[in-house]
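# Overview (structure and organization)
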Amino acid sequence: MAEEKKNIPKLRFREFTGDNANAWELRKLGEISDKVTEKNKKMKFLETLTNSAEHGIMDQTKFFDKAISNKNSIGGYYIVRNDDFVYNPRISKFAPVGPIKRNNLEKVGVMSPLYYVFRTHDVSKDYLEKYFDTTLWHKFMKLNGDTGVRSDRFAIKDSILKTMPIPYPNIEEQQKIGSFFKHLDELITLHQRMLDEYKTLKKTMLSKMFPKNSEKYPELRFSGFTDAWELRKLEEVVSSEIKGRAKAEMAGSANYYLDTSYLNGKSPILVDSPKNVKKDDILILWDGSQAGKVYHGFEGALGSTLKAYRPRESGSFLYQYLVRYQDKIYASYRTPNIPHVIKTFKNDFIVYIPTNVEQQKIGSFFKHLDELVTLHQRELELLKTLKKTMLQQMFV
């Protein structure tokens, strides 16, 4: 009875609960798959694949940025067809016993005999693929293998690997689980693609909507604006400079503590220190490995490693201008060795400024882009967290 409860997942689809809540069976991997031993003797396939713990099965040249296999040796490589599974014995922080991934490339390639390639039957491939995304099978690996002589490889005999127990619900439940995670992966891919597209769009617009080098006209601007941008020193476009003084040990309940942890997305802490930064102020990290990084849109008590500039006109515009030249700030306005923004930064850094109306238009445009980036980033993180939780709850 205890064994039955043990082989029932915490979360199931409704039709497999109640009177239909049968315990899952266990099948050996060798009972639902066959090892692939077909070799590339006729050199029919020349594309070498690799199995990455993070990215799955992919072209070797894309993963390593070059071909590392000897063309004369790939005749002895295994042929990996679409939907074949591959175990890579190389271990990493992402795969402590090595990853098992499915070939979703929809093409045939070859892999080194160091990999264990297997072809499944009598099991949903979508289901099995997601099972291997869990860590539930790691216990079997650790009990039956080890890192061997080489600490970067996991050693386990093929004959032992075939005995790995695979949780095996009926095929209908397998298909439901597989379809659920396939849809979840499609949503993750969609938001990742949209996030990448918005980031690329912003990078492109930053390069086109601000003048290049010492030019006074941007390549792209809103209609109705034709005046040349005016050259100013940073000190001329800010009304004041605020030095950070708040420290974490001032913990209290008065104001948000503006430190890099909070500015980079972590939860805020409160300190009993006066609020000296407004939302339109520009924040710049003054010390540390990321010295020179700029922030905007925060208010609270400024941390001791930061400074803030209060803009005379649009803070949103000035922030995006500094983002546009973030790499230049890193390269030309920091001390060597231990990074520290140079004392004369405000006096030395040159800004090209349009009219305040154009500043407002540009600032609003990029603020909206940033909001879209943040939205898809948040959705992506939520979906990844959901997937991680469901992997833990829907398998045994």
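Residues numbered from 1 in each chain as written. Predicted model: local features only at pLDDT ≥ 70, side-chain atom pairs only at ≥ 80, totals over all residues. Heavy atoms only, no water.

## Considerations on the overall build of the chain
Test applied: Secondary structure counts use DSSP, requiring at least four H or I residues in a row for a helix and at least two E residues in a row for a strand, with both numbered from the N terminus. The globule rule used here is 2.2 Å times the number of residues to the 0.38 power, and the radius of gyration it is set against is calculated over C-alpha atoms. Whether two residues are in contact is decided by their heavy atoms: any pair within 4.5 Å suffices.
Within the chain, the regular secondary structure consists of 12 helices and 19 strands. In summary, the chain has a C-alpha radius of gyration of 28 Å against a globular reference of 21 Å for 396 residues, an excess of more than 25%. Restricting the contact set of the chain to residue pairs at least 6 apart, pairs at least 24 apart contribute 72%.

## Quick look at the pattern of salt bridges
So the rule is basically this: When a carboxyl oxygen of Asp or Glu lies within 4 Å of a side-chain nitrogen of Lys or Arg, that pair is called a salt bridge.
Here the structure, examined in full by the defined rule, presents 26 salt bridges. For K387, the salt bridge goes to D133, with nearest N and O atoms at 3.7 Å. Here D133 lies in the loop between helix 3 (125-131) and helix 4 (138-144) and K387 lies in helix 12 (residues 356-393), a separation of 254 residues in the sequence. Put simply, K346 and E241 hold a salt bridge, and the shortest N to O gap is 3.8 Å.

## A look at the sheet that holds strand 9 (residues 116-120)
Hydrogen bonds between backbone groups are what pair the strands of a sheet, and the pairing can be parallel or antiparallel. Our working definition: By definition, two strands form a pair when at least two bridges between them are found by DSSP. Lines fitted to C-alpha atoms define the axes here, with helix axes fitted over just the stretch in contact, and angles between the N-to-C directions of these axes take values from 0 to 180 degrees.
Read from one edge to the other, the open sheet built from four strands follows the order 2-9-6-7, with strand pairing classed as antiparallel. Lying at the two open borders of the sheet, with one neighbouring strand each, are strand 2 (33-35) and strand 7 (100-102). Mean inter-strand twist for the sheet, computed between neighbouring axes without regard to direction, equals 30°. Sheet analysis places strand 2 next to strand 9, joined by three bridges and oriented antiparallel. Its bridge partner lying in strand 9, S33 is registered against T120.

## Topic: the environment of L391
Position of L391 relative to the elements: it lies in helix 12. Between the C-alpha atoms of L391 and L136, which are 255 residues apart in sequence, the distance is 9.5 Å. Aside from chain neighbours lying at most four places away, what touches L391 is K130, D133, T134 and F181.

## Examining the packing of helix 6 (residues 171-209) against helix 12
Packed helices, taken two at a time, are described by the angle their axes make and the gap between the axes. Defined as follows: Note on terminology: angles under 35 degrees are roughly parallel, angles over 145 are roughly antiparallel, angles of 65 to 115 are roughly perpendicular, and the others are oblique. Definitions for this section: a left-handed crossing has its near helix turned counterclockwise from the far helix by less than a right angle. A right-handed crossing has that turn clockwise. Charged means Asp, Glu, Lys or Arg here, nonpolar means Ala, Val, Leu, Ile, Met, Phe, Trp, Tyr, Cys or Pro, and polar covers whatever is left, Gly included.
Between helix 6 and helix 12, the least distance of the axes is 9 Å, while the angle of their chain directions is 160°. Looking at the two axes, helix 6 sits roughly antiparallel to helix 12. Regarding helix 6 and helix 12, the two cross each other, and that crossing is left-handed. Considered class by class, the residues forming the contact of helix 6 with helix 12 number 23 nonpolar, four polar and seven charged.

## Points about the layout of surface pockets
This is how it is decided: Cavity means a closed set of points on a 1 Å grid over the protein atoms alone, one where a 1.4 Å probe fits but cannot get out, pocket means an open set with protein on both sides within 12 Å along at least 5 of 7 lines, and lining means a residue has an atom within 4 Å of a point. Grid points are joined across faces, edges and corners, and a volume is the space filled by probe spheres set on the points.
Reported here for the largest pocket is a volume of approximately 1700 Å³. Along the wall of the largest pocket there are 42 residues; nearest its centre are E54, K101, K130, D133 and K387. For the lining of the largest pocket, the secondary structure elements donating two or more residues are strand 4 (56-59), strand 7, helix 3, helix 6 and helix 12. Per element, the largest residue contribution to the lining of the largest pocket is six residues, and it comes from helix 6. When the residues that make up the lining of the largest pocket are grouped by side-chain class, the tally is 15 nonpolar, 12 polar and 15 charged. Taken as a whole, the second largest pocket spans an internal volume of roughly 1400 Å³. In this structure, the second largest pocket is lined by 33 residues; those nearest its centre are K202, Y319, D370, V373 and T374.

## What about the packing of aromatic side chains?
Just so we agree on the cut-off: Ring pairs shown here join Phe, Tyr and Trp side chains whose ring centres sit within 6.5 Å, with only the six-membered ring taken for Trp; geometry is labelled stacked below 30 degrees between planes, edge-to-face above 60, and tilted in between. Using a 1.4 Å probe on the protein chains alone, a residue whose accessible area is under 20% of its type maximum counts as buried, one over 50% counts as exposed, and one in between counts as partly exposed.
Applying the stated criterion across every chain, the model contains 26 aromatic pairs. For the pair F210 and F317, a centre-to-centre distance of 5.6 Å together with 40° between the ring planes defines the contact as tilted. Pair noted here: F210 is in the loop between helix 6 and strand 11 (230-233) and F317 is in helix 9 (residues 315-324), with a separation of 107 residues, a long-range link. Using a relative accessible area of 1% as the deciding quantity, one classes F210 as buried. Clustering of aromatic rings is evident, with ring pairs tying together F13, W24, F85, Y116, F118, Y127, Y131, F132, W137, F180, F181 and F395.

## Side note on the packing of helix 6 against helix 9
As a packed pair, helix 6 and helix 9 sit with axes 10 Å apart at the nearest point and diverge in direction by 95°. Of the possible angle classes, the one that applies to helix 6 and helix 9 is roughly perpendicular. Listed contacts from helix 9 to K202, L206 and S207 of helix 6 are Q320, V323 and R324. In terms of residue class, the contact of helix 6 with helix 9 is made up of two nonpolar, two polar and two charged.

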